[in-house]
Amino acid sequence: MSDYKIFCDESNHLQSDTSNLMVIGGIGCPTNQVEYVNRFIKHLKHKHNAMDELKWTKLNNNKKEFYKELLEFFFSNVYLKFNAQAVINKSKLNHDKYNNGEADTFYYKMYYYALLPFLKPDKDVNIFIDYKDTKGGKRAKKLGEVIHNTFYGQLDCKFTIIHSHESQIMQLADIMIGAIAYKNRQDIEHISEIKNFIIQTIEELGGIALDVSTSQWEEKFRIFRFVPRSF
């Protein structure tokens, strides 16, 4: 059994839409704490009659107390950690110059750096990726190769593709990634009351701002904003 599990998700993949921003992130948790965390989130869902799958795109304006308690639980739990890579102005990426002409090369780089803070040579890790399309297996295999080579084979890393409804922790990661993406988008009006409420709650609980990079020493909730170089 793995020592550590990471539950990953992403918003606005490079080739998937017209948004000029991409966020890749995940929540890390010791394996022996995963069942407890999932059960507690289910408990909060029952308490607040919020039994639907947690999704940033399907937030409920009437469930502010639920979202508040959920985020308070994350920030008070010493085992849960979050890390994200936010790519700003992705239309300015010069793949020919920096990624051998391949957008996927950059995608794997960003995914790797989103995972890196969780990876330790002395820990066996199981990385769960949300099912997006039929290319998931290929992406997982490539990421596994990158991690294996970077750690010179000293890290046992396994990838598992699941649907987000199977993991409460992955659903929580979706909320956090969605909040970062929403706060950093410059092409929309930020008029959603519930989305702004969640962003404000995260920023207050974490003592952070979602539209700037956090300190490299931050361990609980870390964001790195990547801004492409000028051509």
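Residues numbered from 1 in each chain as written. Predicted model: local features only at pLDDT ≥ 70, side-chain atom pairs only at ≥ 80, totals over all residues. Heavy atoms only, no water.

## Section: the pattern of salt bridges
Thought 1: Evaluated as defined, the whole model comprises 7 salt bridges.
Thought 2: A salt bridge links R39 to E35; the shortest N-O distance between them is 3.0 Å. In this pair, R39 and E35 are both assigned in helix 1 (residues 31–47), 4 residues apart and thus about one turn of the helix distant.
Thought 3: Using a relative accessible area of 55% as the deciding quantity, one classes R39 as exposed.
Thought 4: Of the charged contacts, one joins E203 and K183 as a salt bridge, the two residues approaching to 2.6 Å between their closest N and O atoms. Pair noted here: E203 is in helix 7 (residues 193–206) and K183 is in helix 6 (residues 168–184), with a separation of 20 residues, a long-range link.
Thought 5: By relative accessible area, E203 is classed as buried at 17%.
Thought 6: Judged by relative accessible area, K183 falls into the partly exposed class, the value being 26%. (Salt bridge = Lys/Arg side-chain N within 4 Å of Asp/Glu carboxyl O. Helix = DSSP H or I, 4+ residues; strand = E, 2+ residues; numbered from the N terminus. Buried < 20%, exposed > 50% of the residue type's maximum accessible area, 1.4 Å probe, protein only.)

## Points about the sheet that holds strand 4 (residues 125–130)
Thought 1: Overall, mixed pairing links the 6 strands, which are arranged 5-4-1-2-3-6 in an open sheet. The strands lining the two open edges of the sheet, one partner per strand, are strand 5 (157–162) and strand 6 (221–226). The sheet shows a mean angle of 20° between the axes of neighbouring strands, taken without regard to direction.
Thought 2: Two elements, strand 1 (residues 4–11) and strand 2 (residues 21–30), share 8 bridges in a ladder whose sense is antiparallel. Bridged to K5 within strand 2 is C29.
Thought 3: Against the sheet, helix 1 makes contact with strand 1 and strand 2, and its axis sits at roughly 105° relative to strand 2, the strand it touches most. (Pairing = 2+ DSSP bridges. Axes fitted to C-alpha atoms, helices over the stretch in contact; angles between N-to-C directions. Contact = heavy atoms within 4.5 Å.)

## Remarks on the pairing of strand 2
The two faces of the sheet receive side chains in turn, since in a regular strand these alternate between them.
Thought 1: Here strand 2 lies mainly inside the structure; 10 of its 10 residues are buried.
Thought 2: Burial along strand 2 is two-sided: L21, V23, G25, I27 and C29 and M22, I24, G26, G28 and P30, pointing in opposite directions, are all buried.

## A short note on helix 6
Thought 1: Across its 17 residues, helix 6 extends 25 Å between first and last C-alpha, which sits within 8% of the 24 Å expected from 1.5 Å per residue.
Thought 2: Summarising burial for helix 6: 16 of the 17 residues are buried, a large majority.
Thought 3: By the N-cap criterion, in which a side-chain oxygen at the helix start approaches the backbone nitrogen of a residue two or three places on, helix 6 is capped by S167, the distance to I169 being 3.3 Å. (Expected span 1.5 Å × (residues − 1). Polar contact = N/O pair within 3.5 Å; in protein donor to acceptor, adjacent residues only side chain to side chain.)

## Describing the packing of helix 1 against helix 6
Thought 1: Running from N to C, helix 1 and helix 6 cross one another at 70°; their axes reach a closest spacing of 8 Å. Relative to helix 6, helix 1 is oriented roughly perpendicular. Within the contact between the two elements, helix 1 uses V34, V37, N38, I41, K42 and K45 and helix 6 uses Q168, I169, Q171 and L172.
Thought 2: Of the residues in the contact of helix 1 with helix 6, the class split is 5 nonpolar, 3 polar and 2 charged. (Parallel < 35°, antiparallel > 145°, perpendicular 65-115°, else oblique. Nonpolar A, V, L, I, M, F, W, Y, C, P; charged D, E, K, R; others polar.)

## Considering the packing of helix 2 (residues 64–76) against helix 7
Thought 1: For the pair helix 2 and helix 7, the least separation of the axes is 10 Å and the interaxial angle reads 25°. The pairing of helix 2 with helix 7 is recorded here as roughly parallel in orientation. Handedness of the crossing formed by helix 2 with helix 7: right-handed. For the pair helix 2 and helix 7, contact is made by K64, Y67, K68, L71, E72 and F75 and by E193, I194, F197, I198, T201, I202, L205 and G206, respectively. (Left-handed = near helix turned anticlockwise from the far one by under 90°.)

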